[in-house]
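Analysis of the macromolecular model
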Amino acid sequence: MAATKLLTISIALAALSASAVSIGVVFWRRKTRADEEKIRELEKSLKAALQNCGAERQGRIRAQQALRKVASSSDSNNSYPLAPIAITRSCFSMRNGTPRQPLIVPLAKACLVFDPTRVPPASLEGLEGYSHCWIIYVFHLNTNLDKSWKHPSRSKFKAKVKVPRLKGERKGVFATRSPHRPCPIGLTVAKIDTVDGNKVFISGVDLVDGTPVLDIKPYLPYCDSIPGAMVPDWVSADNMLAVTSVNFSHDFCASLNHCWSRKMEKTKKKEISLYTSPTEFQNLIQQVLSWDIRSLSQRIRPHKTENSSMNNVTLEDDDSEEELHFPDDIVYHLILEGLNISYKIDYDGNVHVEKVDPCIPN
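In this text, all values refer to a predicted model and were calculated from it rather than measured experimentally.

The nonpolar side chains of a soluble globular protein tend to be buried with one another. Ranked by size, the top nonpolar core spans 51 residues in total, and within it Phe114, Ile135, Phe281, Leu284 and Leu289 carry the most contacts. The element contributing the most residues to this core is helix H5 (residues 278-289), with five residues. Non-local contacts of Leu289, meaning those with residues more than four positions away in its chain, are made with Val243, Val246, Leu334, Tyr343, Val351 and Val353.

Dropping the structure here:
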């Protein structure tokens, strides 16, 4: 009797277990179907969203193409909306003495001050990880900028320009880095020293103070440096512009220290100088004057003067064809950070730096 009861209980438990398993299987199947339906719905939603995005993208592309077509029409004079994003604060107060190429004066410093309304400081994050950067800028001090607003048929841009290294021989403007171009846009490379908020401090520059900056891009050695790149022989003739020596007068250091102390008093009220000491500034002067910074006409036809006591010349471009003679005591002026450096250069290419003065000559 007991065995019969035990058997009955076992059969009942087995039935209950089988029933539970069956219920679990049914529940799992229902849950799986529900998940599959949810997944299908999500896939449909994603597909619809992608289609909408694609349609919007195509719409934007068509709108941009229409905008470019209007911008490039003859009525708009082929203009594009370009505006400066930064202004250069450079050690070179004037065009005179500004190096003709970048990096040849390592101590030539500048600060790119970005407009925070156009360029948030976050845009510069990560730039400090690079050693150098490309700078795209405007030749804003060109004397023929008015030609840029004229129709190409009336602009009268010169197809050829005089090359300093070739003593006046002309080359096609696009075979040179002359600032006088159909579009007055410059490209240079500079060493990145520090990035501070909306300011980028750079060195090795060939930019004059106040230069408007259109864009900067990081320098990438693996693609920007081309092994085996070729240049004409006249480009590689660096010794054509090198001077023999740079010598400072006995009184120069005293006059520099005096001017430097006065300059520091003024900059404390405004902004910090790019240089930390008179010695560093003197090294800058030596690096700048290690190259003959005179214009081509001044090197081959220096200015004629009636009286040698009035031979003070601030370097400027001169295309005059008049035959001139070189006075032995002509004085040139180099303007750096608002300081006037007076110097002479003899026939043997020796530069004699005489004094520094805070006043810029007229």
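From this point on, the discussion continues.
Moving on, we come to the packing of aromatic side chains. Enumeration according to the criterion identifies six aromatic pairs in this entry. Centre to centre, the rings of Trp134 and Tyr219 are 5.6 Å apart; their planes meet at 45°, and the pair counts as tilted. Of this pair, Trp134 sits in strand S3 (residues 132-138) while Tyr219 sits in the loop between strand S8 (212-218) and helix H3 (221-224), and the two are 85 residues apart along the sequence. Residue classification places Trp134 among the partly exposed positions, given a relative accessible area of 24%.

A positive phi angle is found at Leu103, which is not glycine, with a value near 70°. As for its position among the elements, Leu103 is in the loop between strand S1 (86-90) and strand S2 (109-114). Taking relative accessible area as the criterion, Leu103 reaches 40% and is therefore assigned partly exposed.

Taking 1.5 Å of rise per residue, the 12 residues of H5 would be expected to cover 16 Å, and the 16 Å separating its terminal C-alpha atoms lies within 8% of that figure. Among the residues of H5, Pro278, Glu280, Phe281, Gln282, Leu284, Ile285, Val288 and Leu289 are the ones counted as buried.

For the coordinates displayed, the defined rule picks out seven salt bridges. The partner of Glu337 in a salt bridge is Lys263, and the shortest N-O contact between them spans 3.7 Å. A residue pair is termed long-range when its members are at least 10 positions apart, and Glu337 in the loop between strand S11 (331-336) and strand S12 (339-345) and Lys263 in helix H4 (residues 252-269) qualify at 74 residues. Accessibility expressed as a relative area gives 13% for Lys263, which makes it buried.

Attention now moves to the side chain of Asn350. Take Asn350: it is sitting in strand S13 (residues 350-357). At 2.7 Å, the side chain of Asn350 and the side chain of Ser245 are in polar contact. Asn350 has contacts with Thr244, Ser245, Asn247, Lys344 and Ile345, leaving out every residue within four places of it along the chain.

With that out of the way, let us pick up the environment of Arg95. With respect to the helices and strands, the residue Arg95 is situated in the loop between S1 and S2. Taking the relative accessible area as the measure of exposure, Arg95 reaches 30% and is therefore partly exposed. Taking the C-alpha atoms as reference points, Arg95 and Asp206, separated by 111 residues in sequence, lie 9.5 Å from one another.

Moving on: the sheet that holds strand S7 (residues 199-203). Hydrogen bonds between backbone atoms are what pair the strands of a sheet, whose relative direction is either parallel or antiparallel. Spatially, the six strands close up into a barrel ordered S1-S2-S7-S6-S3-S8, and their pairing is antiparallel. For this sheet, the mean inter-axis angle between neighbouring strands, taken without regard to orientation, is 45°. Where S1 meets S8, two bridges bridge the pair, whose relative direction is antiparallel. Looking across to S8, one finds that Ile87 is bridged to Pro212.

About the thresholds
- Going along each chain's sequence as written, the residues are numbered from 1 onward.
- pLDDT decides what is reported in this predicted model: residues at 70 or higher carry local features, side-chain atom pairs at 80 or more are listed and counted, and totals for whole chains, interfaces and linings draw on all residues regardless.
- Computation of side-chain values: all heavy atoms of the structure, hydrogens and water removed.
- Each nonpolar core is a collection of buried residues, namely Ala, Val, Leu, Ile, Met, Phe, Trp, Tyr and Cys, held together in the definition by side-chain atoms within 4.5 Å.
- Only protein chains enter the accessibility calculation, which uses a 1.4 Å probe; a residue whose area is less than 20% of its type maximum is buried, one above 50% is exposed, and one in between is partly exposed.
- Put simply, DSSP H or I for four residues or longer makes a helix, DSSP E for two residues or longer makes a strand, and each gets a number counted from the N terminus.
- Any pair of residues with heavy atoms lying within 4.5 Å of one another is described as a contacting pair.
- When the centres of two rings from Phe, Tyr and Trp lie within 6.5 Å, Trp using its six-membered ring, the rings pair. Their planes under 30 degrees apart give stacked, over 60 give edge-to-face, and anything left gives tilted.
- Any helix carries an expected span of 1.5 Å times its number of residues minus one.
- Just to be clear on terms, a salt bridge is a Lys or Arg side-chain nitrogen sitting within 4 Å of an Asp or Glu carboxyl oxygen.
- Counted as a polar contact is a pair of N or O atoms within 3.5 Å, where, for protein atoms, one must be capable of donating a hydrogen and the other of accepting one, and residues adjacent in sequence contribute only when both atoms are in side chains.
- Paired strands, in this sense, are two strands between which DSSP finds at least two bridges.
- Comment: axis = line fitted to C-alpha atoms, over the contacting stretch for helices; angle = value between 0 and 180 degrees taken between N-to-C directions.

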